[in-house]
Amino acid sequence: MKELSQGVFWLLLAWSAASPAEQNFTPVSGSAFLSGQMREMQEDDFANPGMDVVDYGRSLFHKADEEGHRCTDCHGEDGRKLNLQHIAAYPVYDPGQERPITLQDQVNICWEERMDNFPLVYDCREMVGLETYLKYLARGQTIAVKTDGPVRPFYEAGKKLYHQRFGQLEMSCYHCHDQHRGAWLRGQQLNQGQSNGFPVYRLSTSRVTSLHRRFSECLASFRAEPFLPGSDEYINLEVYVTSRGNGLKIETPAIRD
Ligand code: HEC
Ligand code: HEC
């Protein structure tokens, strides 16, 4: 019965009339929907449990590989020579690969081509650790993803996916994160589905969750088939979703339920 009523609820959500949510869109960070206590935890580096993953990423960044190469060889101790504003612009179009690359792709380019290692698997523990550390270094930088020029077709593909109905319940990202934003669902208030806090620390699972994993969790929550981490679909979706947050500040590691 619970299952059934939930299904009916989803259908009602999916088919209710479109609201003018997309017009005059102002990005709001998911952190604005947190309780005061969780916000405090997020903002206090000593209380934020995501800092363990930042420290893990930091140790990888300073660790020598088998040949003795380190990220710090080129990017400086504590990443001092990194271009932090550039980190807030990912995914960026890569002319060599003729596609947008995410921050994880960039790490793999450095890891594989500049340090001569076997590529890391997308979303593996090391990758998410490095990504969390890099985004933490760029905390406070303003998200500025390009949506014009050669990245445009990928942005459009991501936007299409965002509005596409998936699974038996025929729901789209848009239904929950635009049309029904602010509504309460299973004890959680629907936010805009912004990516500026990712990777985020989840109190419910006691672990850090990557953006692509969150996409999969959302799809699975309304019984749609997820795509693979690092797939073209998720990268296009990341271009669109992240650009919806242009103007927001990076808040990694954000805290979520
Ligand atoms: C041999 C030098 C070298 C090493 C070692 C290296 N990188 Fe890079 N990295 C670069 C260069 C050059 C660029 C920027 C140019 C570009 O756009 O490709 C870059 C760009 C980046 C960027 C984008 C931000 C920026 O400052 O442009 C990140 C993030 C990054 N690297 C992470 C890493 C990580 C993590 C490691 C270790 C796994 C690493 N890099 C190792 C040379 C290196
Ligand atoms: C059935 C409703 C529903 C649908 C449809 C849905 N989501 Fe979500 N989404 C949620 C809930 C619930 C959360 C967790 C609470 C929150 O952060 O709003 C969430 C969280 C997120 C977050 C994290 C936001 C943050 O600040 O931590 C992102 C990003 C996201 N969703 C993206 C998507 C994308 C992309 C799609 C389409 C593939 C999608 N969602 C479809 C319900 C949904």
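The structure reproduced in this document is the subject of the present report.

What counts and how
Residues numbered from 1 in each chain as written. Chains lettered and ligands numbered in written order. Predicted model: local features only at pLDDT ≥ 70, side-chain atom pairs only at ≥ 80, totals over all residues. Heavy atoms only, no water. Near = heavy atom within 4 Å. Polar contact = N/O pair within 3.5 Å; in protein donor to acceptor, adjacent residues only side chain to side chain. 1 Å grid on protein atoms, 1.4 Å probe; cavity = no way out; pocket = protein on both sides within 12 Å on 5 of 7 lines; lining within 4 Å. Sits in = over half its atoms within 2 Å of the grid points. Helix = DSSP H or I, 4+ residues; strand = E, 2+ residues; numbered from the N terminus. Points joined across faces, edges and corners; volume = space filled by probe spheres on them. Nonpolar A, V, L, I, M, F, W, Y, C, P; charged D, E, K, R; others polar. Expected span 1.5 Å × (residues − 1). Buried < 20%, exposed > 50% of the residue type's maximum accessible area, 1.4 Å probe, protein only. Arc of directions from axis to C-beta. Contact = heavy atoms within 4.5 Å. Donors = N, O, S within 2.8 Å, 3.2 Å for Na, K, Ca; no water. Tetrahedral: all angles 85-135°; square planar, octahedral: opposite > 155°, others 65-115°. Salt bridge = Lys/Arg side-chain N within 4 Å of Asp/Glu carboxyl O.

Another point: the site of ligand 1. Cys71, Cys74, His75, Asn83 and Cys110 are the nearest of the 17 residues found near ligand 1. His75 places a side-chain nitrogen or oxygen 2.8 Å from a nitrogen atom of ligand 1. Note that an oxygen atom of ligand 1 is positioned 3.1 Å from one of the side-chain N or O atoms of Arg114. A molecule is said to occupy a pocket when more than half its atoms come within 2 Å of that pocket's grid points, and by this definition ligand 1 occupies the second largest pocket. Among the elements of the structure, α4 (71-75) and α6 (103-114) are those that each provide at least two residues to the shell around ligand 1. Per-element tally for the shell around ligand 1: the top contributor is α6, with 6 residues.

Before going further, it helps to spend a moment on the layout of surface pockets. Computed from the structure, the largest pocket encloses a volume of approximately 1000 Å³. Mapped by element, the contributors of at least two residues to the lining of the largest pocket are α8 (152-163), α9 (173-179), β3 (184-185), β4 (188-189), β5 (200-202), α10 (211-221) and α11 (232-243). Looking at the lining of the largest pocket element by element, the count peaks at 7 residues for α10. Taken together, the residues of the lining of the largest pocket break down into 22 nonpolar, 12 polar and 6 charged. Taken together, 22 residues form the lining of the second largest pocket, with His75, Leu82, Gln106, Cys110 and Arg114 sitting closest to its centre. A class-by-class count of the residues in the lining of the second largest pocket yields 13 nonpolar, 5 polar and 4 charged.

Our next topic: the site of ligand 2. Among the 22 residues in the neighbourhood of ligand 2, the closest are listed as Cys173, Cys176, His177, Asn191 and Cys218. At 3.2 Å, a backbone N or O of Gln189 approaches an oxygen atom of ligand 2. In this structure, Arg256 approaches ligand 2 through a side-chain N or O atom, which is 2.8 Å from an oxygen atom. In this structure, ligand 2 is accommodated by the largest pocket. Broken down by secondary-structure element, the contributors of at least two residues to the shell around ligand 2 are α9, β4 and α10. For the shell around ligand 2, the element with the highest residue contribution is α10, accounting for 5 residues. Tallied by class, the residues present in the shell around ligand 2 amount to 12 nonpolar, 8 polar and 2 charged.

This next bit is on α8. Under the 1.5 Å per step criterion, the end-to-end length of α8 is 17 Å for 12 residues, consistent within 8% with the ideal 16 Å. What α8 keeps buried is the set Tyr155, Gly158, Leu161 and Tyr162. Taken down its axis, α8 places every buried residue within 120° of arc, on the same side. In α8, the exposed residues that point more than 90 degrees away from the buried face are Pro153 and Lys160. Buried positions along α8 lie against α9 and α11.

With that out of the way, let us pick up the coordination of the iron atom of ligand 2. Binding of the iron atom of ligand 2 to the protein goes through His177 (NE2) and Cys218 (SG), at separations of 2.0 to 2.3 Å. What the 6 donor atoms of the iron atom of ligand 2 show is an angle range of 86 to 179° at the metal, which sorts the shape as octahedral. In this pair, His177 is assigned in helix α9 and Cys218 in helix α10, connecting sequence segments 41 residues apart. Residue Cys218 is classed as partly exposed on the basis of its relative accessible area, which comes to 25%.

The next subject is the pattern of salt bridges. The full count for this structure, using the stated rule, is 11 salt bridges. One salt bridge connects Lys135 with Glu131, and the closest N-O pair in it is separated by 3.5 Å. With Lys135 and Glu131 both in helix α7 (residues 125-137) and 4 residues apart, this pair spans about one turn of that helix. Residue Glu131 is classed as buried on the basis of its relative accessible area, which comes to 9%. Between Arg244 and Asp178 there is a salt bridge, with its nearest N and O atoms 3.0 Å apart.

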